[in-house]
Amino acid sequence: MHATAVEGQLEERVVPVETLATCDLCSGGDFEPRRVWRDELLFGPERWTLVRCKACNLYFINPRPTREVIGSFYPTDYAAHLAPPTQPKRWHRRVAAKDAAPISWWEKPILQVRQDLSWYRIPRWHGDGHVLDIGCGSGGRYLDVLKALGWTTYGIEPSPQAVANAVAHGHQAVVGTAEDAPFPDQSMDIVTMWHVLEHTHSPATALANCFRMLRPGGQLSLCVPNWAGMQAKLYGRFWWSCDAPRHLFQFTRKTLGRYLEQAGFRVVKVTTRTGPTSWQRAARHFLNNVFGTKWARDSSLLVDVMSPFCALGSLIRYAGAGAELRVIAERPS
Ligand SMILES: [Zn+2]
């Protein structure tokens, strides 16, 4: 047990932390501190240091809460745990239904914009249609859509309440994490992780486990915040995705690509996106910090206003500087 005592703070508490001696990506051991962040969601008294591995340029929180206590840094009403059932839209069907016709050239830019405006990337039908969503929450945003289109849906999620909801939605869901997901070897056609990898204690272990569960030719589809993106640079420590100590790792196209290749994957596609809620979330976080305002909710009006700009941005993929990295990687046949 270590105390992360903070000078001048009355509200001290003792949090079990662990210190990484070797880099999760390259096994190097020479780190330099680059940032000190506070918890901008639960406002605990601790300060968290983001370090950079000098050998591979990976950024991560060190020291950090142990696996045993990390749950106490998540609010109980974490949005994804409670999402209500979702019905597929027409474009979902067009992309992911088993009998969907090939996509013609003129549909491609339209569907690209659709995909980029959506929080999740909807996959084309693949193999037997077995899909595992890691960090599935209640399944109410993603797995519901795929199940309605004929996919066999599996999920894993640390919150027992969210898993109970996912099972009630008809998904084969279990309690656990990306690192210990127990589904059989080579049992999945698609594995997805939407904003999950940055939360894991070992992305290397998580990706190795994804690789194990995928069939040869199967695809991993994931999204993480882009540490090299324009929002991260513009907002600095006020960027919403700093999110210490929940985001334990910060990735760039390079470090994420190296992680995937080390796990055995072939990287098929890397793009960046900036969703319509992303700018206002970043702005909100910044304003709340600088002016002490308490703007807490996404405004649907602002989402509507931003959507056309995001559609344009999507067509040029933000020239690689969007707020999130979206990756498709394949387990080679
Ligand atoms: Zn390293």
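Everything numeric here is computed off the predicted structure, so don't read it as measured data.

Enquirer: What should I look at first to understand the overall build of the protein in this one?
Expert: Of regular secondary structure, the protein possesses nine helices and 13 strands. For the protein, whose C-alpha radius of gyration is 20 Å, the value lies close to the compact-globule estimate of 20 Å for 333 residues. With respect to the three principal axes, the spread of C-alpha positions in the protein is 65 × 45 × 40 Å. Taking all 333 residues of the protein together, the buried fraction comes to 53%. Nonlocal contacts in the protein, meaning residues at least 24 apart in sequence, comprise 71% of its contacts between residues at least 6 apart. Considering the protein, the positive charge centre built from 38 side chains and the negative charge centre built from 30 side chains are found 7 Å apart.

Enquirer: For this particular structure, what's the right way to read the sheet that holds strand S3 (residues 47-53)?
Expert: The strands that make up a sheet pair up through hydrogen bonds in the backbone, lying either parallel or antiparallel. Taken together, the four strands give an open sheet; going across it, the order is S2-S3-S4-S11, and neighbouring strands pair in antiparallel fashion. Pairing within the sheet leaves two strands with one partner each, and these edge strands are strand S2 (31-38) and strand S11 (249-250).

Enquirer: Is there a simple way to think about the sheet that holds strand S8 (residues 172-175) in this case?
Expert: Read across the sheet, seven strands follow the order S8-S7-S6-S9-S10-S13-S12 without closing on themselves; strand pairing throughout is mixed. Looking at strand neighbours, the two that pair on one side only are S8 and strand S12 (266-273), the edges of this open sheet. The mean inter-strand angle of the sheet, taken between neighbouring strand axes irrespective of direction, is 15°. Contacts from helix H5 (residues 203-213) reach strand S6 (130-134), strand S9 (188-194) and strand S10 (214-225) within the one sheet, and its direction differs from that of S10 by about 145°.

Enquirer: I tried to follow the packing of helix H8 (residues 276-291) against helix H9 (residues 300-316) on my own but got confused; where do I start?
Expert: Geometry of a packed helix pair, given as the angle between the helix axes and the separation of the axes. Taken N-terminus to C-terminus, the directions of H8 and H9 make an angle of 120°; their axes are 7 Å apart at the nearest point. Compared by their axis directions, H8 and H9 come out oblique. Of the two elements, H8 crosses H9, and the hand of that crossing is right-handed. Packed against H8, whose contacting residues are Pro276, Thr277, Trp279 and Gln280, the element H9 presents Leu302, Val303, Met306, Ser307 and Cys310 at the interface. Its residues assigned to classes, the contact of H8 with H9 shows six nonpolar, three polar and no charged.

Enquirer: Whenever I open this one, the layout of surface pockets confuses me. Can you help?
Expert: A probe as big as a water molecule, rolled over the atoms, marks out the empty space that is left. Estimated volume of the second largest pocket: approximately 390 Å³. Around the second largest pocket, the lining is made up of 17 residues, and of these Gln112, Gln115, Arg121, Lys269 and Arg317 lie nearest the centre. Going through the elements one at a time, helix H2 (108-117), S12 and strand S13 (324-330) are the ones with two or more residues in the lining of the second largest pocket.

Enquirer: Help me out: how do you make sense of helix H7 (residues 253-262) in this one?
Expert: Side chains three or four residues apart in an α-helix point the same way, a direct result of the helix having 3.6 residues per turn. For H7, the complete set of buried residues consists of Thr255, Leu256, Gly257, Tyr259 and Leu260. On its buried face, H7 sits against H5, S10, S11, S12 and S13. Immediately beyond the C-terminal end of H7, within one or two residues, lies Gly264, with a positive phi of roughly 105°.

Enquirer: Would you mind going over the pattern of salt bridges with me for this structure?
Expert: Side chains bearing opposite charge may pair, as long as their charged atoms lie close to each other. Overall, the coordinates contain 15 salt bridges when judged by the stated rule. Residue Glu179 pairs with Arg67 through a salt bridge whose shortest N-O separation is 2.6 Å. One end of the pair, Glu179, is in the loop between S8 and S9; the other, Arg67, is in the loop between strand S5 (64-65) and helix H1 (90-96), with 112 residues separating them in the sequence. Note that Glu324 and Arg273 form a salt bridge whose closest N and O atoms lie 2.8 Å from each other. Highlighted residues: Glu324 in strand S13 and Arg273 in strand S12, separated in sequence by 51 residues. Accessibility assignment for this pair places Glu324 and Arg273 in one class, buried. Salt bridges sharing common partners tie together Glu32, Arg34 and Arg52.

Enquirer: Got a minute to help me understand the coordination of the zinc ion in this structure?
Expert: For a metal with four donors in a tetrahedral arrangement, the ideal angle between donors is 109.5 degrees, while six donors in an octahedron ideally sit at 90 or 180 degrees. The protein atoms donating to the zinc ion are Cys23 (SG), Cys26 (SG), Cys53 (SG) and Cys56 (SG), with metal-donor distances spanning 2.2 to 2.3 Å. Taken together, the four donor atoms coordinating the zinc ion and their angles of 102 to 113° define a geometry best described as tetrahedral. Taken in sequence order, the residues that donate to the zinc ion follow the motif C-x2-C-x26-C-x2-C. One end of the pair, Cys26, is in the loop between strand S1 (17-18) and S2; the other, Cys56, is in the loop between S3 and strand S4 (59-61), with 30 residues separating them in the sequence.

Enquirer: Before we go on, may I ask you to explain the domain arrangement of the protein in this structure?
Expert: Where interface size is quoted, it is often the accessible area lost as the parts come together. One can read the domain layout of the protein as domain 1 (17-73) and domain 2 (79-330). Here the C-alpha centroids of domain 1 and domain 2 sit 23 Å apart. With 25 residues of domain 1 at the interface, the matching set in domain 2 holds 23 residues. Of the roughly 2,200 Å² buried between domain 1 and domain 2 on both sides combined, carbon and sulfur atoms contribute 60%. On the domain 1 side of the interface with domain 2, the three residues burying the most area are Asp24, Leu25 and Trp37, jointly 30% of the side's total. Among the residues forming the side of domain 1 that touches domain 2, the class breakdown is 15 nonpolar, two polar and eight charged.

Basis of the calculations
- Residues numbered from 1 in each chain as written.
- Predicted model: local features only at pLDDT ≥ 70, side-chain atom pairs only at ≥ 80, totals over all residues.
- Heavy atoms only, no water.
- Helix = DSSP H or I, 4+ residues; strand = E, 2+ residues; numbered from the N terminus.
- Rg over C-alpha atoms; globule rule 2.2 N^0.38 Å.
- Buried < 20%, exposed > 50% of the residue type's maximum accessible area, 1.4 Å probe, protein only.
- Contact = heavy atoms within 4.5 Å.
- Lys, Arg positive; Asp, Glu negative; His and termini not counted.
- Charge placed at Lys NZ, Arg CZ, Asp CG, Glu CD.
- Pairing = 2+ DSSP bridges.
- Axes fitted to C-alpha atoms, helices over the stretch in contact; angles between N-to-C directions.
- Parallel < 35°, antiparallel > 145°, perpendicular 65-115°, else oblique.
- Left-handed = near helix turned anticlockwise from the far one by under 90°.
- Nonpolar A, V, L, I, M, F, W, Y, C, P; charged D, E, K, R; others polar.
- 1 Å grid on protein atoms, 1.4 Å probe; cavity = no way out; pocket = protein on both sides within 12 Å on 5 of 7 lines; lining within 4 Å.
- Points joined across faces, edges and corners; volume = space filled by probe spheres on them.
- Salt bridge = Lys/Arg side-chain N within 4 Å of Asp/Glu carboxyl O.
- Donors = N, O, S within 2.8 Å, 3.2 Å for Na, K, Ca; no water.
- Tetrahedral: all angles 85-135°; square planar, octahedral: opposite > 155°, others 65-115°.
- Domains from an automatic or database assignment.
- Buried area = accessible area lost by both parts, 1.4 Å probe.

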